[in-house]
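# A closer look at the structure
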Amino acid sequence: MEIEDKIKVFISYSHANKAEKDRILKYLEPNTDMLVWYDKELLAGDQFDDVISAKIDESDIFIFLITQDFLTSKYCTEIEVSKALARKGEDDELRIIPVILDYCTFKKSKLSKYNAVPDDAHPVFSYDNHNKAYLEIANAIEEVVAYIKDKKKITTSCLHSK
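Figured I'd write up the structure that's included with this text. (Residues numbered from 1 in each chain as written. Predicted model: local features only at pLDDT ≥ 70, side-chain atom pairs only at ≥ 80, totals over all residues. Heavy atoms only, no water.)

In total, this model carries five aromatic pairs according to the counting rule given. Ring geometry for F10 versus W37: centroids 5.4 Å apart, planes at 25°, classification stacked. Note that F10 is positioned in strand β1 (residues 7-12) and W37 in strand β2 (residues 34-37), a separation of 27 residues in sequence. Summarising the burial analysis for this pair, F10 and W37 share the class buried. By way of ring pairs, the aromatic residues F10, W37, F62, F64 and F70 are connected into one cluster. (Phe/Tyr/Trp six-rings, centres within 6.5 Å; stacked < 30°, edge-to-face > 60°. Helix = DSSP H or I, 4+ residues; strand = E, 2+ residues; numbered from the N terminus. Buried < 20%, exposed > 50% of the residue type's maximum accessible area, 1.4 Å probe, protein only.)

See below:
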């Protein structure tokens, strides 16, 4: 699959949750239909805000790894969440997926109106086996990737048939 055909996924997280982000990436890695971007993909000399803004502008899916650290991070909430929500306001096809990692004040956040994963928004850390939660998260994200991919195929085929 060509890079331009891949579904672009932006992951926003608190650096306190790097290990959990890495764990989710391991579960998403087998899916070749998506191109995942997160801040550690920045190169030396990149202008941090400019690159992040560009990635937000081109993403199809936003994944927010929710913990209290995330919710109290000004950069995560005021920059990344705000820009993603602004894009969502302009393009209803964008998907916003909150991933609840730990017990926190998620229900008071701007993201609380979006369907969260794992199942029933139970925090990953509440599972006896965290791998079960990561698998549920990956499956939910892969469903969204397949949905967007199918919608893009329909849109593309409609454009070519005109």
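What follows is about helix α4 (residues 74-90). With 17 residues, α4 should cover 24 Å at 1.5 Å per step; its first-to-last C-alpha distance of 23 Å lies within 8% of that length. Maximal helix bending in α4 amounts to about 30°, located at V81. (Expected span 1.5 Å × (residues − 1). Bend = angle between axes of the 7 residues up to and from the residue.)

In this fold, N17 is placed in the loop between β1 and α1 (18-28). For N17, a relative accessible area of 5% translates into the label buried. With near-sequence residues (within four places) excluded, N17 lies in contact with T67, D69 and L101. (Contact = heavy atoms within 4.5 Å.)

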